Amino acid sequence: MYRKSILLLLSLLMGGCTVLGVEADPGEVDFGEVPLGTSEYATVYFINRGPERTAVLTVQGASGGWDVVSVRDVKLPQDVAVPVVVQLKAEEVGPTQGAVTATWDEGGLDVPLSASIVFDDVIDSDDVIDSDDATDDDDASTDDDDSAGDDDDIAPDDDDIAPDDDDIAPDDDDAAPIDGDGDGSPEDLDCNDEDPTVYPGAPDLCDGVDNDCDGFFGADEVDVDGDGSLVCAGDCNDADNTIYPAAPELCDELDNDCSGAPEADEVDVDGDTVLVCDGDCDDAVATTYPGAPELCDGVDNDCSGAPGTDEVDGDLDGISVCEGDCDDGDDTIYPGASELCDTLDNDCDPATLEDDGPNAPTWYADADDAGWGDAAVATVACFAPSDTVLDATDCDDDDDDINPGATEECNGVDDDCDGNVDSSAVCPCNFETYNGHGYLFCEDVSTWDEGQEFCDDEDNYSLVTIDDGPEQSWVEGVANGYANNRWWWIGYNDLDNEGSFEWDSGSSSTYTNWNGGQPDNSWGGEDCVHLYNNSGNWNDLDCDLDNWYGTQIYFICESEDDD
């Protein structure tokens, strides 16, 4: 049996094959004499030049009784030779001219596959690859050589001299096709087997090399305009040598550097036909460009660096000299301005008389002639009306003793108009205010009569009158804050008519806060009222007492009004 190792490249697209460098009919190969019932094993190498895919492959012997072998779902990475082993079995004796074809499903992709077939050793009659088939090319169970370098002991030997192991010249071994650069394309088909980016069907790269071995460069690898930049390298206009990546931008409204747009100063935004790069100092205004006529608009229309001299608004009143400002040094003078109380021609119209303009001051009545005015009585005029002043801080224009310059006294009145009725600084006792009234919490041990006299001596004060519950709570809280272990005299009493209580201030208030069982007029002589400590409840007591078994009694005064 002759050992055979034959490389067959099948190309379904090109419709031909190459066997040992000799053109043969599509898919045909001479297997020589093959004994009846023996088998050939062939390894089909499929090379996928497109994206990774999974294909359905079929290998078929068309004559001589070869078996049809179908191989399904083979995963084919890009540019890697994938081996698929198939068995072909001869069914007749004698020379055969077999036709071997390989077909496959392209997986829906346009990039074709290519394949090569390597026929393996002859298999013995049991159709099983023996254990030494991986290293020898013979199916004997022992060494198949009878001399060094010889690789076959069956006549006629193919060679008794090492290192030839093959009976068909010029090939000398059963190895797979040589692929020097590992790009999956054999050296006899690869137009540059030292460059893995070059092989039949390879994608053209932007490198000035015929990557796909078709004899041509890619159309975008030519430098038509001679600017040294290719289209595939980013030249966005290969017909103009001023346009290429990183080219200097020219003032020509073109995208010279292929950045995607011309420079901002190359666009004529305002349509005045002058670009910023040509000197347009404001490309948003069509009336502004070099040589433009100056307009009365405060703008540098001719791009000379400044507007016309009569276009400057020197006083920033919004009107320039060319617009009629008769005094560009005073921002109160311009056409249409309001006449002011300043003896000037504010509106640039000499015929207009000065009147009470918007700058006229406000004058306030000074009825008490104290020098301070009443904010409630005002007059706007250029000149002061009689009995008026510019001040508006008098809080009582009917009383010349009450004004911001008066001295505060302890009288229940806001003498100095500071918003406060009296103060601790001018009053003899602890001073507090509530609801516009002044209160004196006097920590002096006193009888009711002594407290009444003290309060009456202070202008406009009397013993406190309590008008309602909120005032009662406030008075009680403040009193206990000063002395929570004391009683406090208030102005309630029935000195004039037993059982008929009234307020020392003359108030008509009917509010009371008696303690339980009070008033009781104990011993027939309790005519004055005080607050108990802590609870604040009222109790009637002898007016001449200033303590009750050691509990001292203080008193509270209140201003009678807030005027």
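Our structure's up above, just so we're on the same page.
What you see is a predicted model, and the numbers here were worked out from it, not measured in a lab.

Undergrad: Outline the overall build of the chain, supporting the account with residue identities and numerical values.
TA: Each helix and strand counted, the chain has two helices and 22 strands in total. Counting every position in the chain, which comprises 563 residues, the buried fraction comes to 37%. Looking at the chain alone, contacts between residues at least 24 apart form 45% of all its contacts between residues at least 6 apart. In the structure as shown, the chain presents an accessible area of about 28500 Å², 50% of it carried by carbon and sulfur atoms.

Undergrad: Which residues make up the packing of aromatic side chains, and what values do they have?
TA: Enumeration over the complete set of coordinates arrives at 19 aromatic pairs. When the ring of Tyr492 is compared with that of Trp514, the centres are 6.2 Å apart and the planes differ by 40°; the resulting orientation is tilted. With Tyr492 in strand 17 (residues 487-493) and Trp514 in the loop between strand 18 (502-503) and strand 19 (528-531), this residue pair connects regions lying 22 residues apart in the sequence. Given the relative accessible area of 8%, Tyr492 is considered buried. For Trp514, a relative accessible area of 22% translates into the label partly exposed. Three or more aromatic residues link up through ring pairs in this structure, and these residues are Tyr434, Tyr439, Phe441, Trp474, Tyr482, Trp488 and Tyr554.

Undergrad: Mind laying out helix 1 (residues 448-457), listing which residues take part and the relevant values?
TA: Buried residues of helix 1: Trp448, Gly451 and Cys455, and no others. The buried residues of helix 1 occupy one face: seen down the axis, they fall within an arc of 65°. When the buried face of helix 1 is taken as reference, the exposed residues oriented beyond 90 degrees from it are Glu453 and Asp457. Residues of helix 1 that are buried sit in contact with strand 16 (461-463), strand 17, strand 19 and strand 22 (551-559).

Undergrad: Pulling in residues and values, what's your account of the environment of Pro77?
TA: For Pro77, the position within the fold is in the loop between strand 7 (68-76) and strand 8 (81-89). Residues Pro77 and Glu52 lie 25 residues apart in sequence; the distance between their C-alpha atoms is 4.4 Å.

Undergrad: Go over a negative patch on the surface with me, naming the residues and quoting the values.
TA: A grouping of Asp449, Glu450, Glu453, Asp456, Asp457, Asp544 and Glu560 is seen on the molecular surface, where their side chains present a negatively charged patch. With respect to the helices and strands, the residue Asp457 is situated in helix 1. Judged by its relative accessible area of 59%, Asp457 falls in the exposed class.

Undergrad: Let's hear about the sheet that holds strand 11 (residues 362-365): which residues, and what values?
TA: Here three strands make up an open sheet; going across it, the order is 12-11-13 and the pairing antiparallel. The open sheet has two free edges, formed respectively by strand 12 (374-380) and strand 13 (388-389), since each of these has just one partner strand. As paired strands, strand 11 and strand 13 are joined by two bridges and run antiparallel to one another. What sits directly across from Tyr364, in strand 13, is Val389.

Undergrad: Describe in detail the state of the cysteines, supporting the description with residues and values.
TA: What the rule picks out here adds up to 12 disulfides. Covalent S-S linkage joins Cys410 and Cys427, the inter-sulfur distance amounting to 2.1 Å. Handedness of the Cys410-Cys427 disulfide follows from its S-S torsion of about 105°: it is right-handed. Of this pair, Cys410 sits in the loop between strand 13 and strand 14 (430-434) while Cys427 sits in the loop between strand 13 and strand 14; the two residues are 17 residues apart in sequence, bridging distant segments of the chain. One disulfide bridge connects Cys528 with Cys543, the sulfur atoms lying 1.7 Å from each other.

Undergrad: Let's hear about the environment of Gly550: which residues, and what values?
TA: Tracing the chain through its elements places Gly550 in the loop between strand 21 (547-548) and strand 22. On the basis of relative accessibility, which here comes to 58%, the residue Gly550 falls in the exposed class.

Undergrad: Hey, could you go over helix 2 (residues 469-482) for me, with residue numbers and the actual values?
TA: Here helix 2 is 14 residues long and its end C-alpha atoms lie 20 Å apart, about the 20 Å a rise of 1.5 Å per residue gives. Restricting attention to buried positions, one finds in helix 2 the residues Glu471, Gln472, Val475, Val478, Ala479 and Asn480. In this fold, the buried residues of helix 2 make contact with strand 14, strand 15 (437-442), strand 17, strand 19, strand 20 (538-541) and strand 22. Where helix 2 starts, the residue carrying a side-chain oxygen 2.9 Å from the main-chain nitrogen of Glu471 turns out to be Asp468.

Undergrad: Which residues make up unusual backbone geometry, and what are the values?
TA: Residue Pro519 is bonded to the preceding Gln518 through a cis peptide linkage, with omega at -5°. Residue placement: Pro519 occurs in the loop between strand 18 and strand 19. At Cys303, a position not held by glycine, the phi torsion is positive, near 60°. Within the element layout of this structure, Cys303 appears in the loop between strand 10 (113-123) and strand 11.

Undergrad: Talk me through the pairing of strand 15; I want residue IDs and the actual numbers.
TA: Of all the six residues making up strand 15, six are buried; the element is thus mostly covered by neighbouring parts of the structure. Burial of the side chains of strand 15 extends over both faces: His437, Tyr439 and Phe441 are buried on one face and Gly438, Leu440 and Cys442 on the other. By the bridge criterion, five bridges tie strand 14 to strand 15 in an arrangement that is antiparallel. Within the sheet, the bridge partner assigned to Asn430 lies in strand 15 and is Phe441. Counting the residues in the hairpin turn of strand 14 and strand 15 gives two residues, including Asn435, whose phi is positive at 55°. The pairing of strand 15 with strand 22 spans four bridges and is classified as antiparallel. Residue pairing across strands places Leu440 opposite Cys557, the latter belonging to strand 22.

Undergrad: Break down the pairing of strand 19 for me, with residues and values.
TA: Along strand 19, one buried face is formed by Cys528 and His530 and the opposite face, lined by Val529 and Leu531, is buried too. As defined by bridge partners, strand 17 adjoins strand 19 across three bridges and the pair is classed as antiparallel. Looking across to strand 19, one finds that Trp488 is bridged to Leu531. Count of turn residues in the strand 19/strand 20 antiparallel hairpin: six residues, of which Asn534 carries a positive phi of about 70°.

The rules behind each value
Residues numbered from 1 in each chain as written. Predicted model: local features only at pLDDT ≥ 70, side-chain atom pairs only at ≥ 80, totals over all residues. Heavy atoms only, no water. Helix = DSSP H or I, 4+ residues; strand = E, 2+ residues; numbered from the N terminus. Buried < 20%, exposed > 50% of the residue type's maximum accessible area, 1.4 Å probe, protein only. Contact = heavy atoms within 4.5 Å. Areas by Shrake-Rupley, 256 points an atom, 1.4 Å probe, with all protein chains shown as cover. Phe/Tyr/Trp six-rings, centres within 6.5 Å; stacked < 30°, edge-to-face > 60°. Arc of directions from axis to C-beta. Patch = residues over 30% accessible without salt bridge, like charges linked within 9 Å, V, L, I, M, F, W, Y side chains within 5 Å. Salt bridge = Lys/Arg side-chain N within 4 Å of Asp/Glu carboxyl O. Lys, Arg positive; Asp, Glu negative; His and termini not counted. Charge placed at Lys NZ, Arg CZ, Asp CG, Glu CD. Pairing = 2+ DSSP bridges. Disulfide = S-S within 2.5 Å. Expected span 1.5 Å × (residues − 1). Polar contact = N/O pair within 3.5 Å; in protein donor to acceptor, adjacent residues only side chain to side chain.

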